[in-house]
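Next come the chains, spelled out residue by residue.
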Amino acid sequence: SSVAISGRGFRVVWLRHRLGDRATERKMVDFPMPVVSNNLDGWGPPPNAEASVLFGICDFAQHLDKFPTHRIGRICDFTAAGQRYQAERAQKGKGFKGMGKGKGVQPLVADKDDQGFSLVDSRPMPGKSGSKGKGAFGRSKGRQKGLPVNYQEGILGQKQKNTFQTGQPTGKGMKSKGKGKGGQQRRGMPSYREWSVQTRTEWNILRDIQLGDLKNLKIDAKDVVYEDLLWCGKLPYYNKAFDRITVKSEKPMRRFEELNFFNVSTSDDPLLPDYLQSDPEVSVIATDHVIACLVAASRSVYSWDILVTKIANKLIFDKRDGSQVDFLSVNETAQEPPNNDDATSINSPIKLGQEASCINQNITQMVLEHDLEAEDMEQPNPFDDDEDGSVASGAYRYRKITLPGNPKAEEEFATRPVSLIVRTEVNCRMPGSNEYVSVKALNEYNHKSTDWRKKLETQRGACLANEIQNNAFKLGRWTAQAILSGCSTLKLGWVSRINPNDPWTHSLLNVHTHNTENFAAQIRLIPNNMYGILRTIIDTVMTWPDGKYLLLKDPTKAMIRFYEVPWETFGEEEEAEGEEEEEDQELDEDGNVAPPQPV
């Protein structure tokens, strides 16, 4: 049949022919749709889905023999983390079949990905950090023995014991959490992550306290009452000639090896336990070293520990013999703290702490006016058993401190004032006045990074600001000790090694004089916060039953933790066992444990 359609002068003819039986009909290719399993409860195929997969759509794929058909049906990860994972696998030779090492999915390149886009989010882009969390300090190798006894350790007033001074082996490093500014937010993890005490599984954890929360604890410092109970020892005078020392006229540091320096614990003090028993108003006894470490805890990075014993509603804040409280730290809060890869190095954290502690003991005797006779106090030095004059000059000031209560507190004890007796130290006094002085020293061990000999006189403020940042915990402890002892003046000596490779000889470059209150404000040590921390810790322990508690600083976190420990922990029996182990060990000429000799 034909149909004629005309329009604009030309004809279009549509023809349809019927050829009868010889006609053929053409059909389209069959394309069956694959079975799609719908999972309404989650991602991926449902549990009862068929294991076989129809590959009908893959019939059109070329080179099917080289295509990994086992990957069909997997979820594709197009996120940045997924692409980076594929890139890492490709670099390790674990990419697609037929692709060599380093080929396959290309890793993310931040610069190429940023082209053509504008930044609308201030958060850091993934894949830009090259850190894998290992840091620069590796792993701790085994457990550390007790501190060796040589010159630096022997004059510190305590025989070092290896009881509970073993280090905790650490695992893999943790990932860095960004570029913090000082303190615990430094680049990477702390360089010295040894625990001051090896904890035990049978110790119960009573409470975790975040160091950041301590800054919110405050009481009015004007309501705190001080009362002098007793002065002991001899109080010498300060030599003003040391205020005129300059870098060009530096003086070599003297070593007072013939003198005995004491840092007796609270329980071993012959006077503090008597005050606790005789005065019913007194609830707490402690030393200024322990209290200062506690109130400056928010600045610390390394591990330290304090023992708290509660008996009949009386508290004893104490330290272990040879604990970290006895030693000072160097550049603890610096951006690049001392490295602990080699514990025997002269610049390791432990060795630098011993060096700083010895320097501070020596400078307290070096800056005295020896031409003027020291003033005798009410009682002689309570720790001088020999009475042969071989005791370092200085006075002990026993003070009764009364902290006000909080009328709104829920516990009855917290509403009442609490009194504590603290043994403090006064190094000397200014000639011609009753101005008490606390003498301390900062020490330089790395001339390349600081170079005090060039900067101390021309950039005095910058040098002090740098030390406040790098030694926040140490300066906080010193300032708290000066406040507790009633020293209105703080003398800071600047001591440097004569040779950077010799930790035994030093020079005094300068002595700076600071008013204690002004310096406390400069380093942001607020008395209201200092007393608030102390009162809160006391109130917390008072709510617990009688027992022995360990306050331990976590070296890997900004946290202090209370443990309940058995009564016999850190007792005399365990210390005696540690002394027997020390006696059995052979020492070399420097006092270090000698290595075993071959048979």
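Note that the structure is a prediction, hence the values are computed from the model and not measured.

Novice: How should I be thinking about the overall build of the chain in this particular structure?
Specialist: From N to C terminus, the chain includes 13 helices and 17 strands. Going through the 599 residues of the chain one by one, you find that 44% of them count as buried. Taking all contacts inside the chain whose residues are at least 6 apart in sequence as the whole, residues at least 24 apart take part in 75%. By element, 50% of the accessible surface of the chain is carried by carbon and sulfur atoms, the whole surface being about 35100 Å².

Novice: Sorry if this is basic, but what is going on with the nonpolar core here?
Specialist: Nonpolar side chains tend toward joint burial in soluble globular proteins. Counting 66 residues, the largest nonpolar core has Phe-317, Leu-403, Ile-538 and Phe-562 as its most contacted members. Residue contributions to this core peak at eight residues, all from helix H12 (residues 527-542). In contact with Phe-562, other than residues within four places in its own chain, are Asn-204, Ile-205, Leu-206, Arg-207, Ile-209, Val-308, Ile-537, Val-541, Trp-544, Tyr-549, Leu-550 and Leu-551.

Novice: Even after reading the chapter, I still don't get the confidence of the model for the chain, so can you show me in this structure?
Specialist: Parts of the prediction with low pLDDT should not have their coordinates interpreted in detail. Scored by pLDDT, the chain has a mean of 77; 67% of the residues are at 70 or more. Within the model, pLDDT remains below 50 along residues 121-190, and this stretch shows 152 contacts once partners closer than five positions in the same chain are excluded. A low-confidence stretch, residues 576-584 stays under pLDDT 50, and its non-local contacts, those more than four residues away or across chains, total eight contacts.

Novice: Looking at this structure, how should I read the sheet that holds strand S5 (residues 251-252)?
Specialist: Working definition: the strands of a sheet are paired by backbone hydrogen bonds and lie parallel or antiparallel to each other. Read from one edge to the other, the open sheet built from five strands follows the order S5-S15-S14-S13-S12, with strand pairing classed as mixed. In the strand order of this sheet, the two ends are held by S5 and strand S12 (428-429), each with one partner. Relative to strand S15 (residues 506-515), S5 runs antiparallel, the two sharing two bridges. Within S15, the position partnered with Pro-252 by the bridge is Ser-507.

Novice: Help me understand H12, please; the structure alone is not making it clear to me.
Specialist: Turn by turn, an α-helix covers 3.6 residues, leaving residues three or four places apart pointing in a common direction. For H12, which comprises 16 residues, the first-to-last C-alpha distance of 23 Å matches the rise-based estimate of 22 Å (1.5 Å per residue) to within 8%. Of all 16 residues that make up H12, 13 are buried, and the element is covered over most of its length.

Novice: In this structure, what is going on with the sheet that holds strand S6 (residues 282-287)? I would like to understand it.
Specialist: Strand order in the open sheet made by the 10 strands is S3-S17-S16-S7-S8-S6-S11-S10-S4-S9, with mixed pairing throughout. Each edge of the open sheet is held by one strand with a lone partner, namely strand S3 (204-210) and strand S9 (375-376). Here helix H10 (residues 472-485) sits on the sheet in contact with strand S4 (225-235), strand S10 (394-403) and strand S11 (418-426), set at roughly 80 degrees to S10. Here H12 sits on the sheet and contacts S3, S4, S6, strand S7 (305-311), strand S8 (314-318), S10, S11, strand S16 (547-554) and strand S17 (559-565); the angle it forms with S8, its principal contact strand, is near 125 degrees.

Novice: So what exactly am I meant to see when it comes to helix H9 (residues 460-470) here?
Specialist: Of the positions making up H9, those classed as buried are Cys-463, Leu-464, Glu-467, Ile-468 and Asn-470. Among the structural elements, strand S13 (436-444), helix H8 (452-455), H10, strand S14 (489-497), S15 and helix H11 (516-522) are those in contact with the buried residues of H9.

Novice: Can you help me understand the environment of Asp-326 in this one?
Specialist: When you line up the elements, Asp-326 lands in the loop between S8 and helix H6 (349-366). Once the C-alpha coordinates of Asp-326 and Asn-263 are considered, the two residues, 63 residues apart in sequence, prove to be 7.4 Å apart. Reaching out from Asp-326, the side chain makes a polar contact with the side chain of Asn-263 at a distance of 2.8 Å. A polar contact is formed between the side chain of Asp-326 and the side chain of Lys-319, at a distance of 3.0 Å.

Novice: Just to check I follow, could you spell out the packing of aromatic side chains for this structure?
Specialist: We describe a pair of aromatic rings using the distance from one ring centre to the other and the angle between the two ring planes. For the structure on display, the rule yields nine aromatic pairs. Aromatic side chains Trp-452 and Trp-494 sit 4.8 Å apart centroid to centroid with 75 degrees between the ring planes, which places their arrangement in the edge-to-face category. Taken together, the residues span a long stretch of sequence, with Trp-452 in helix H8 and Trp-494 in strand S14 at a distance of 42 residues. The buried category is assigned to Trp-452, whose relative accessible area is 3%. On the accessibility criterion, Trp-494 (0% relative accessible area) is buried. Ring plane angle 50 degrees and centroid distance 5.1 Å describe the contact between Trp-544 and Tyr-549, whose orientation is recorded as tilted.

The rules behind the values
- Residues numbered from 1 in each chain as written.
- Predicted model: local features only at pLDDT ≥ 70, side-chain atom pairs only at ≥ 80, totals over all residues.
- Heavy atoms only, no water.
- Helix = DSSP H or I, 4+ residues; strand = E, 2+ residues; numbered from the N terminus.
- Buried < 20%, exposed > 50% of the residue type's maximum accessible area, 1.4 Å probe, protein only.
- Contact = heavy atoms within 4.5 Å.
- Areas by Shrake-Rupley, 256 points an atom, 1.4 Å probe, with all protein chains shown as cover.
- Core = buried A, V, L, I, M, F, W, Y, C linked by side-chain atoms within 4.5 Å.
- pLDDT = per-residue confidence, 0-100.
- Pairing = 2+ DSSP bridges.
- Expected span 1.5 Å × (residues − 1).
- Axes fitted to C-alpha atoms, helices over the stretch in contact; angles between N-to-C directions.
- Polar contact = N/O pair within 3.5 Å; in protein donor to acceptor, adjacent residues only side chain to side chain.
- Phe/Tyr/Trp six-rings, centres within 6.5 Å; stacked < 30°, edge-to-face > 60°.

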